Every structure is written in structure tokens, then in C-alpha cells.
2 protein chains.
Amino acid sequence: MLDTLDRRIVAALERDARVSFGDLAEEVGLSKTPCWKRVKALEDAGVIRGYSTRIDPAAIGFDIEAFIQVSIDFEVSDAFEAAVKKHPLIRRCYATTGEADYLLQIVTVDMRALDRMLRVELSRLPGVRRTVTSMAMREIKGDISFADAAAHALRG
Amino acid sequence: MLDTLDRRIVAALERDARVSFGDLAEEVGLSKTPCWKRVKALEDAGVIRGYSTRIDPAAIGFDIEAFIQVSIDFEVSDAFEAAVKKHPLIRRCYATTGEADYLLQIVTVDMRALDRMLRVELSRLPGVRRTVTSMAMREIKGDISFADAAAHALRG
DNA sequence: CCTGAAATTATCTTAAC
DNA sequence: GTTAAGATAATTTCAGG
């Protein structure tokens, strides 16, 4: 699995995906060449899936976030999942155990748009039987460092 | 708000945060300098919060993901939230409306670690009264393009 | 598997238009 | 907004520990 140096590299890249190899190497205590090689190896191994940009939803007008538990007819689960992937306001979706079949996280600009999203768009996705909505009032924690998680898992 | 070019820039940066300004400019139909200026402006405006690396949890051994609805004593909500922020296995946390007070997303390496996480660690966080756990069996959709979401919100 | 240096190529950033 | 140019950085290669 990841050794200490890999975890340092991953942690640094999670913090700032655009750090230069020079700075990254210095930060993790390597010289540039092996640092570069490790990053490439992590990319090839699929540990690093890509580099992305964190956008502030509120800064572009998405003031409403909500979680929606969705129960469906499983005969049309493929069509449901395809529709979920296509819908721009559905931020994340997981198939879950428990009372509902899926957990969705969505964004909208306001309550009016949330109403429209639930009443008009979501309810008409393939197979949707029942939805239970919970508003996200505040984000306490956005995304963890998987490098820190890995270090914790090793210890504990 | 964001104009068409800004949205194209954001969409491209969400796909690949390490794209060169040369390629980015070509992709969005600008020359390098105005493209670079727009990116800086988006950073200064807080639209771009930073650049991060997508890690595959499964590739580093985190085979279990779960959502946990947590109800707490609100007198100790600050301590609870501080503990959540510190815990490496808590991936995300939102304060929510509904039956529970918070929704947590956690990762663990296996079921044994999940049991430990729930029974030993989570239950001992400040103020925790009740937890309801749901396993994430499969990720249907990871993270949206906020640029696409913004374009959708404008249209509809 | 590491270091260090050197050469090439690409990219960033600023300045002038 | 464009084009152009100097400063920086990325990437590859190689000799050596």
C-alpha cells in the first residue's frame, strides 16, 4: 500500500493539486526525480484519479443544498441511474442500504428551484416511488485527506 | 455571475485542475492572458476555492463507505463539530434538517473497522445520542460540474 | 530506490500594444 | 482583447551512491 512518502505526497496534492514538483519534493523530503516518479506511479495505480478544482457553490449562487433519500422500482434502476448521472443539479449519488435505495445530494439556487427540482424533475425520473428530503443547513467538513485517513487506519 | 467563458473555464478546471493555460485558453476560445486573468479573478472572487486531487478510496484500501445520521445534545455542538473536523475517517459532515442533526460520511478499511468506528469512536464524540447507519454500496455519481449546474440553473 | 546535475521542452507571468 | 518575450518550471536522461 502507500508508504510514508506516498502518503505525504498524496496529502500535499490533496491540499494543492497545482504545487510544482520542486516544492512538492521539498515538502515531502525527496528530490524532484523520485518525487515525480512516485506521482506517476500513483496515477498509474489508480490511486490518483485526477486533479480537480474546488468550487464554492454559494459563490456562484447555489444557496440551497439538500439530501434526498430515494426509493425506486428496481426494474428500472439502470434508467434511474443514467438519469441521475445526466442531471446537472444532482451533485452526488450513492446506492445505499436501509429504508431508501439511493441517497442523492443536490444543489439549487433557491427554495423555489428546490421545490421545482423535487416536484417536477426528481419525481419524474425513471422508477421513483418515494423521496425523503433533508436540507443541508451548513457544511461542517468538506473533504478529508485520504492520506490522513490512511495513516489513521494503519495506526488504529 | 459567471458568463459563458467563465463557465467553460470552470468546467475545464473541474475536469482537470492541471491543464496548462495554453490548452485551457484554446479549449475555451481565448488567448492565454485573458484566460489567465479570468482564472485569477475567479480565485480572488472565491469561486475557485482551490485545486485538489481525487483519490480512489478503494485503491488505498478503504472498501467501506457509510452514511451516518447523528443526533446530539446541542449544548455541546461546538465540541462535536470540532471532533468531527479532527477525525480522519469522517469524510464529510453536514448539519441537516429532519430527524437527525448531522449527516456524516465515513470511510473504513473493512467491516471490523466500521464496527469499531461506530461502537468505540463515534459514540464517544461529544454529545452523541443516537446514530443511524446506512452503507454506501456503490457510488453512482461522484461530483458534478458546477459549471454545468450553473448553466442549467440559468436555463431553467 | 535514492541524489544531483544538465539539457530540452513547455509553461507561466508580465509588459507593451 | 492580442502578441511577444523573459522568467520559471516540467520532464527526460545520465552518472553515481
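Just so you know, these numbers come straight off a predicted model, no measurement behind them. (Residues numbered from 1 in each chain as written. Chains lettered and ligands numbered in written order. Predicted model: local features only at pLDDT ≥ 70, side-chain atom pairs only at ≥ 80, totals over all residues. Heavy atoms only, no water.)

1. Describing the sheet that holds strand 2 (residues 64-72) of chain A
Turning to step 1, where the next piece is worked out: The antiparallel closed barrel is built from eight strands, whose spatial order is 2(A)-4(A)-3(A)-5(B)-2(B)-4(B)-3(B)-5(A). Here the strands of the sheet are splayed against their neighbours by 35 degrees on average, with no regard to which way each runs.
Turning to step 2, where the next piece is worked out: In this sheet, strand 5 (residues 128-141) of chain B lies alongside strand 2 (residues 64-72) of chain B in antiparallel orientation, the contact comprising eight bridges. By the bridge assignment for strand 5 of chain B, Phe 67 of chain B is matched with Ser 134 of chain B.
Turning to step 3, where the next piece is worked out: Across the sheet, helix 4 (residues 77-86) of chain B lies against strand 5 (128-141) of chain A together with strand 2, strand 3 (90-96), strand 4 (102-108) and strand 5 of chain B, angled at about 95 degrees from strand 5 of chain A, the strand it touches most. (Pairing = 2+ DSSP bridges. Helix = DSSP H or I, 4+ residues; strand = E, 2+ residues; numbered from the N terminus. Axes fitted to C-alpha atoms, helices over the stretch in contact; angles between N-to-C directions. Contact = heavy atoms within 4.5 Å.)

2. Some details on the nonpolar core
Turning to step 1, where the next piece is worked out: The biggest cluster of nonpolar side chains holds 96 residues, and the ones touching the most others in it are Leu 104 of chain A together with Leu 104 of chain B.
Turning to step 2, where the next piece is worked out: Dropping the residues within four chain positions of it, Leu 104 of chain A is found in contact with Ala 66, Phe 67, Ile 68, Val 70, Phe 80, Ile 90, Arg 92, Cys 93 and Leu 122 of chain A.
Turning to step 3, where the next piece is worked out: Residues Phe 67, Tyr 94 and Leu 103 of chain A together with Phe 67 of chain B belong to the second largest nonpolar core, which totals eight residues. (Core = buried A, V, L, I, M, F, W, Y, C linked by side-chain atoms within 4.5 Å. Buried < 20%, exposed > 50% of the residue type's maximum accessible area, 1.4 Å probe, protein only.)

3. Points about the side chain of Asp 101 of chain B
All names here are of chain B.
Turning to step 1, where the next piece is worked out: Among the structural elements, Asp 101 can be located in the loop between strand 3 and strand 4.
Turning to step 2, where the next piece is worked out: In terms of polar contacts, Asp 101 uses its side chain to reach the backbone amide nitrogen of Ile 72, at 2.9 Å.
Turning to step 3, where the next piece is worked out: Setting aside its immediate chain neighbours within four residues, Asp 101 contacts Val 70, Ser 71, Ile 72, Phe 74, Tyr 94, Ala 95 and Thr 96. (Polar contact = N/O pair within 3.5 Å; in protein donor to acceptor, adjacent residues only side chain to side chain.)

4. Focus on the protein's contact with DNA strand D
Turning to step 1, where the next piece is worked out: Taken together, Ser 20, Phe 21, Gly 22, Lys 32, Thr 33 and Trp 36 of chain A together with Leu 30, Ser 31, Thr 33, Pro 34 and Arg 38 of chain B make up the full set of residues adjacent to DNA strand D.
Turning to step 2, where the next piece is worked out: Counting only the atoms of DNA strand D within 4 Å of the protein, the fraction contributed by sugar and phosphate is 73%.
Turning to step 3, where the next piece is worked out: One nitrogen or oxygen atom from the side chain of Arg 38 of chain B is found 3.4 Å from a phosphate oxygen belonging to DNA strand D.
Turning to step 4, where the next piece is worked out: Contributions of two or more residues to the surface near DNA strand D are made by helix 2 (21-28) and helix 3 (32-44) of chain A together with helix 3 (32-44) of chain B.
Turning to step 5, where the next piece is worked out: Here the residues of the surface near DNA strand D are counted per class, giving four nonpolar, five polar and two charged. (Near = heavy atom within 4 Å. Nonpolar A, V, L, I, M, F, W, Y, C, P; charged D, E, K, R; others polar.)

5. Here we look at the interface of chain B and chain A
Turning to step 1, where the next piece is worked out: Counting from both sides, the interface comprises 69 residues of chain B and, opposite them, 70 residues of chain A.
Turning to step 2, where the next piece is worked out: Across the interface of chain B and chain A, roughly 6,700 Å² is buried in total on both sides, 57% from carbon and sulfur atoms.
Turning to step 3, where the next piece is worked out: Our count for the chain B to chain A interface comes out at six salt bridges.
Turning to step 4, where the next piece is worked out: Between Arg 91 of chain A and Asp 143 of chain B there is a salt bridge, with the nearest N and O atoms lying 3.8 Å from each other.
Turning to step 5, where the next piece is worked out: Our count for the chain B to chain A interface comes out at 49 residue pairs in polar contact (both at pLDDT 80 or more).
Turning to step 6, where the next piece is worked out: Classifying every residue of the side of chain B that touches chain A gives 36 nonpolar, 13 polar and 20 charged.
Turning to step 7, where the next piece is worked out: By the bridge criterion, four bridges tie strand 5 of chain A to strand 3 of chain B in an arrangement that is antiparallel. In the sheet register, Lys 141 of chain A faces strand 3 of chain B, and the bridge partner there is Cys 93 of chain B. (Buried area = accessible area lost by both parts, 1.4 Å probe. Salt bridge = Lys/Arg side-chain N within 4 Å of Asp/Glu carboxyl O.)

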